[in-house]
Amino acid sequence: MVTRNNYKILVTDYVWPSTDPEREVLSSIGATLIEAPDQNESTLITLASDVDAIMTCFAQVTANVVKAAKNCLVISRYGVGVDNIAVSTATEEGIPVTYVPDYCVDEVSDHVMALLFTWNRQLLFYDKVAKKGDWGGSVSPVPLRRLKGKNFGVIGLGRIGLAVANKAHALGINVLGYDPYVSSDTDSSGNISVTTLEDLLEKSDYISVHTPLNDDTRGLIGETELSKMKSSCYLINCARGPIVDESALYQALISGSIAGAGLDVLEDTEPSADNPLFGLDNVVITPHVAFLSSESVHDLEVRTAQATRDVLLGKMPDFLVNPAVLPISRINLH
């Protein structure tokens, strides 16, 4: 394929200081990056109409945006999940979609463990009382418990779920795993007892969610599932907010049906300040930063740009979301 020197690439959004790493990668094919001023659908429709590629982080690349991108040869996701992209429409339109499913495994699994330790050692409570000068008189409302020998349930045994399981196992924690798409021999080291979802919910002292967001997993953890958990259970979600039914979680937390939750994601990507979960002392919330480190972000920028460049040059990307597009792709990949 003859390399052009006038590629136009739309960057819908990003949450890092600059797109310099992307520009460096894409300069080899003479590409120009166009950064969207906002993520409104109308804005993206206008900008997408004459670009060769789209790179997106959290913005919604809707079916209307995809259909407007008449010259687009690839849509590349900065990240793991692709629930913000109308993948089926992209496939129908002959547009390959790429993603980077393995870039932040260490960061997210570390964040899960950080939420676990924060809760289990009641760090936020003891930070407050220590700063008030209380060095021995206060006892946390949640009893401190030894982690060794406890049961840790991992829902979703992909790359991140397995990394979490291995880190928990290293602490002497018994790991239960559930994933409808894997067999009992998923973990060759024997660190995980693969079981049913119901069994995991009933036995686990801590539960961490690591499934993608799709029609099957939206609301996967709802009122019924929460009711099966131990009243002392701590639920962690560093995957996607809508996997957990937020209103059902709130009721479980205020009723004492479960003890607490650690959340890096909520149903709304930009939750309102009056979200009732913000007022609960038994919830630890971080603003979708589990993926974040200087190393992971640089890796993400470079690899997303490389995937975009590969497709524009007719090369098969490392990770293709929609292989069904290949027979009808706008660009021949090899």
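Source: prediction; values computed, not measured.

**Side note on the layout of surface pockets**
So, point 1. When its volume is computed, the largest pocket comes out at roughly 1200 Å³.
So, point 2. As for the largest pocket, its lining consists of 45 residues, and the residues nearest its centre are Val-80, Gly-81, Thr-211, Pro-212 and Leu-213.
So, point 3. With three residues, the single largest contributor to the lining of the largest pocket is helix α7 (residues 159-170).
So, point 4. Counted by class, the lining of the largest pocket contains 26 nonpolar, ten polar and nine charged residues.
So, point 5. Empty space within the second largest pocket amounts to approximately 680 Å³.

**Observations concerning empty space enclosed by the protein**
So, point 1. Per the counting criterion, the structure on display carries one cavity of 30 Å³ or more.
So, point 2. Considering only enclosed or pocket space, the largest cavity measures out at about 40 Å³ in volume.
So, point 3. Taken together, Asn-237, Gly-241, Val-244, Glu-246, Leu-249, Leu-263, Val-265, Leu-266, Glu-267 and Leu-277 make up the full set of residues lining the largest cavity.
So, point 4. Of the residues contributing to the lining of the largest cavity, the split by class is six nonpolar, two polar and two charged.

**Thoughts on the pairing of strand β1 (residues 8-11)**
So, point 1. Direction of pairing for β1 relative to strand β2 (residues 32-35): parallel, over a ladder of four bridges. Looking across to β2, one finds that Ile-9 is bridged to Leu-33.
So, point 2. With respect to chirality, the unit in which β1 leads through helix α1 (residues 20-26) into the neighbouring parallel β2 is right-handed.
So, point 3. Bridging between β1 and strand β3 (residues 53-56) involves three bridges; their strand directions are parallel. Bridge pairing links Leu-10 to Ile-54 in β3.

**Overview of the environment of Asn-166**
So, point 1. Mapped onto the elements of the fold, Asn-166 is located in helix α7.
So, point 2. Distance from Asn-166 to Gly-190, taken between C-alpha atoms, is 10.0 Å for residues 24 residues apart in sequence.

**Considering the sheet that holds β3**
So, point 1. Pairing is parallel in the open sheet, where five strands are placed in the order β2-β1-β3-β4-β5. Strands at the two margins of the open sheet, each flanked by one partner only, are β2 and β5 (97-98).
So, point 2. Here helix α11 (residues 294-312) sits on the sheet and contacts β1, β3, β4 (74-77) and β5; the angle it forms with β4, its principal contact strand, is near 165°.

**A word on the environment of Ile-45**
So, point 1. Here Ile-45 lies in helix α2 (residues 41-48).
So, point 2. When its relative accessible area of 29% is taken as the criterion, Ile-45 is described as partly exposed.
So, point 3. Remark: the alpha-carbon pair of Ile-45 and Asn-282, spanning 237 residues in sequence, is separated by 42 Å.

**A few points about the sheet that holds strand β6 (residues 151-155)**
By definition, the strands of a sheet pair up through backbone hydrogen bonds, in either a parallel or an antiparallel sense.
So, point 1. In space, the seven strands of this open sheet follow the order β8-β7-β6-β9-β10-β11-β12, with parallel pairing throughout. The open sheet has two free edges, formed respectively by β8 (192-194) and β12 (283-285), since each of these has just one partner strand. Each neighbouring strand pair of the sheet contributes to a mean axis angle of 20°, computed without reference to strand direction.
So, point 2. Relative to strand β11 (residues 260-263), strand β10 (residues 234-237) runs parallel, the two being bridged by four bridges. Bridging from a neighbouring strand, Tyr-234 pairs with Gly-260 of β11.
So, point 3. Those strands touched by helix α5 (residues 105-120) are β6, β9 (206-209), β10, β11 and β12, and its axis lies near 155° from that of β10.
So, point 4. Strand contacts of α7: β6, β7 (174-178) and β8, with the helix running at about 170° to β6, the strand carrying the most contacts.

**So, the nonpolar core**
So, point 1. Core analysis: the largest hydrophobic core is formed by 53 residues, its most contacted members being Ile-9, Leu-26, Leu-116, Phe-152 and Leu-312.
So, point 2. Within the residue set of this core, elements represented by two or more residues are β1, α1, β3, α5, β6, α7, β10 and α11.
So, point 3. Each residue touching Phe-152, except ones within four places of it in the same chain, is listed here: Val-112, Leu-116, Val-164, Ala-168, Ile-173, Asn-174, Val-175, Leu-176, Ser-204, Tyr-206 and Ser-208.
So, point 4. With 28 residues, the next largest nonpolar core counts Leu-220, Ile-243, Leu-253 and Ala-261 among its residues.

**Section: helix α10 (residues 246-255)**
Given 3.6 residues per turn, any residue in an α-helix points the same way as the ones three and four places further on.
So, point 1. Taken as a whole, α10 has its buried residues at Glu-246, Ala-248, Leu-249, Ala-252 and Leu-253. Mapping the buried residues of α10 onto a view down its axis gives an arc of 160°, with all of them on the same face. Counted as exposed and oriented over 90 degrees from the buried face of α10: Ser-247 and Ser-255.
So, point 2. On its buried face, α10 sits against α9 (223-228), β10, β11 and β12.
So, point 3. Following α10 by one or two positions, Gly-256 has its phi on the positive side, about 85°.

Here is what the cut-offs are and how they apply
- Sequence order as written defines residue numbering, which begins from 1 separately in each chain.
- Only residues with pLDDT of at least 70 are given local features in this predicted model, and only at 80 or more are side-chain atom pairs given and counted; all residues enter the totals for whole chains, interfaces and linings.
- As a rule here, side-chain values come from all non-hydrogen atoms in the structure, and water together with hydrogens is ignored.
- Here a cavity is any set of points on a 1 Å grid over the protein atoms alone where a 1.4 Å probe fits but cannot get out, and a pocket is any open set with protein on both sides within 12 Å along at least 5 of 7 lines; a residue lines the site when it has an atom within 4 Å of a point.
- Grid points are joined across faces, edges and corners, and a volume is the space filled by probe spheres set on the points.
- Comment: elements are numbered from the N terminus, with helices defined as DSSP H or I runs of at least four residues and strands as E runs of at least two.
- Asp, Glu, Lys and Arg are counted as charged, while Ala, Val, Leu, Ile, Met, Phe, Trp, Tyr, Cys and Pro are counted as nonpolar; the rest, among them Gly, fall into the polar class.
- Strands pair, by our definition, only if DSSP identifies at least two bridges between them.
- Throughout, right-handed denotes a crossover for which the path from the first strand over the helix to the second runs clockwise when the strands point away from the viewer.
- Whether two residues are in contact is decided by their heavy atoms, any of which lying within 4.5 Å being enough.
- An axis is simply a line fitted to the C-alpha atoms; with a helix, the fit covers only the stretch in contact. Between two such axes, the angle follows the N-to-C directions and lies from 0 to 180 degrees.
- Only protein chains enter the area calculation, which uses a 1.4 Å probe; residues under 20% of their type maximum are buried, those over 50% are exposed, and those in between are partly exposed.
- For this analysis, a nonpolar core means a set of buried residues of the types Ala, Val, Leu, Ile, Met, Phe, Trp, Tyr and Cys, connected via side-chain atoms within 4.5 Å.
- Note: the arc covers the axis-to-C-beta directions of the helix.

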